[in-house]
Amino acid sequence: MIAVQSELIAAIRSIPDYPKPGIIFRDITTLLGNPRTFRRAIDELVHPYAGTKVEKIAGIEARGFILGGAIAHQLSAGFVPIRKKGKLPHDTVRIAYSLEYGVDEMEMHRDAIVPGEKVILVDDLIATGGTAEGATKLLQQMGAEIVAACFIIDLPELGGRKKLEALGVNVRTLIEFEGH
Ligand SMILES: O=P(O)(O)OC[C@H]1O[C@H](OP(=O)(O)OP(=O)(O)O)[C@H](O)[C@@H]1O
Ligand SMILES: Nc1ncnc2[nH]cnc12
């Protein structure tokens, strides 16, 4: 494993049985709170796209907002929030989805994407891929061209990457954790 990956893994805190028994929660607040690992994670996520024309970064609430804002700044792109239902003030498109430990609905503003715009989808972690699949469908419905979906963490045993790739999305992840 390369040094940056070991550093990112060491910066993440694992909390057993949160938010439900049997789940090991991968907590990135410790990575974000360390100036060096926060910067390294953003640099690693961004570098393949430096010099690529990307109009928008779509970040998934809540941790995708933190990463997506920093990535949008680096790539001089706009930022589009994909939020849990009921939080956005204007006309929205909505989709139901399920994730490793629950079900919910997410929304984005109808006018957030101009059809044909190149978009990178961002979140901290992909587990079952239910959340990212919902976001992908909303973006595609709005006519976005999804350049890639980027995550710091992949939980490969839960199959999220394969689910997104089956939708034709190019997936980039930095590190993996075994198990749930
Ligand atoms: O691949 P999946 O099984 O769909 O799970 C991944 C999602 O779960 C977490 O968010 P969570 O719903 O806990 O929301 P939060 O960021 O608001 O805490 C994580 O940040 C992803 O968005
Ligand atoms: N194990 C996990 N840790 C943190 N966020 C998650 N989202 C889905 N599964 C998760």
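Relevant structure appears above.
Overview of the structure. Here the residue numbering is sequential within each chain, running from 1 through the sequence in written order. Whichever chain is written first is A, and whichever ligand is written first is 1; the rest continue in order. Per-residue local features of the predicted model are confined to residues with pLDDT of at least 70, and side-chain atom pairs are confined, for both listing and counting, to 80 or more; whole-chain, interface and lining totals are unaffected and use all residues. Water and hydrogen atoms were dropped before computing side-chain values, which therefore reflect all heavy atoms in the structure.

## With respect to unusual backbone geometry
In the segment running from tyrosine 18 into proline 19, the intervening peptide bond is cis, with an omega of -5°. One can find proline 19 in the loop between strand 1 (13-16) and strand 2 (24-27). The step from glutamate 61 to alanine 62 runs through a cis peptide bond, and the omega angle for that step is 0°. Under the scheme used here, helices are H or I runs from DSSP no shorter than 4 residues and strands are E runs no shorter than 2 residues, and both carry numbers assigned from the N terminus. Here alanine 62 is to be found in the loop between strand 3 (56-60) and helix 4 (63-75). In this structure, aspartate 17 is a non-glycine residue whose phi angle is positive, near 60°.

## Concerning the nonpolar core
When a protein is soluble and globular, its nonpolar side chains tend to lie buried together. Nonpolar cores are built from buried Ala, Val, Leu, Ile, Met, Phe, Trp, Tyr and Cys residues. Side-chain atoms within 4.5 Å join them into one set. Residue exposure (1.4 Å probe, protein chains only): buried if accessible area is under 20% of the type maximum, exposed if over 50%, otherwise partly exposed. Residues Ile57, Ile120 and Ile153 are the most contacted members of the largest nonpolar core, which totals 33 residues. Among the elements of the structure, helix 1 (3-11), helix 2 (29-32), helix 3 (35-46), helix 4, strand 7 (118-126), strand 8 (145-154) and strand 9 (171-176) are those that each provide at least two residues to this core. Among the elements that make up this core, the one with the highest residue count is strand 8 (5 residues). We call two residues contacting when some pair of their heavy atoms lies within 4.5 Å. Those residues in contact with isoleucine 120 that lie beyond four places of it in its chain are Tyr49, Val54, Lys56, Ile57, Ala58, Leu75, Val147, Ala148 and Cys150.

## Digging into the pairing of strand 4 (residues 78-84)
Bridge analysis of strand 3 against strand 4 gives 5 bridges, and the strand direction is parallel. Paired with isoleucine 60 across the strands is isoleucine 82, a residue of strand 4. Between the parallel elements strand 3 and strand 4, the chain passes through helix 4 in a crossover that is right-handed. Across 2 bridges, strand 4 lies against strand 6 (residues 102-109) in antiparallel orientation. Directly across from arginine 83, in strand 6, lies its bridge partner glutamate 107. Here, any two strands with at least 2 DSSP bridges between them count as paired. A crossover counts as right-handed when, viewed with the strands pointing away from the observer, the path leading from the first strand over the helix to the second turns clockwise.

## Some details on the site of ligand 2
By nearness alone, every residue bordering ligand 2 is listed as Ile23, Ile24, Phe25, Arg26, Arg63, Glu100, Tyr101, Leu125, Ala127 and Leu155. The term polar contact refers here to a pair of N or O atoms within 3.5 Å; inside protein, the definition further demands a hydrogen-donor-capable atom paired with an acceptor-capable atom, and it admits residues adjacent in sequence only when both atoms are side-chain atoms. With respect to ligand 2, the backbone of isoleucine 24 contributes an N or O atom lying 2.9 Å from a nitrogen atom. At 3.3 Å from a nitrogen atom of ligand 2 is found a side-chain nitrogen or oxygen belonging to tyrosine 101. Coverage of ligand 2 by the protein amounts to 94% of the 260 Å² it exposes when considered alone. Using a 1 Å grid laid over the protein atoms alone, points where a 1.4 Å probe fits but cannot get out form a cavity; open sets with protein on both sides within 12 Å along at least 5 of 7 lines form a pocket; any residue with an atom within 4 Å of a point counts as lining. A pocket or cavity is taken to hold a molecule when more than half of that molecule's atoms are within 2 Å of the pocket's grid points. When atom positions are compared with the pocket grids, ligand 2 is found to occupy the largest pocket. If you tally residues by element for the shell around ligand 2, the top one is strand 2, at 3 residues. Residue composition of the shell around ligand 2, by class: 7 nonpolar, no polar and 3 charged. Think of it this way: one heavy atom of a residue within 4 Å of a molecule or strand is enough to make that residue near it. Per-residue and other accessible areas were derived by the Shrake-Rupley procedure at a 1.4 Å probe size, with only the shown protein chains allowed to occlude residues. Gly is placed with the polar residues, together with every amino acid not listed as nonpolar (Ala, Val, Leu, Ile, Met, Phe, Trp, Tyr, Cys and Pro) or charged (Asp, Glu, Lys and Arg).

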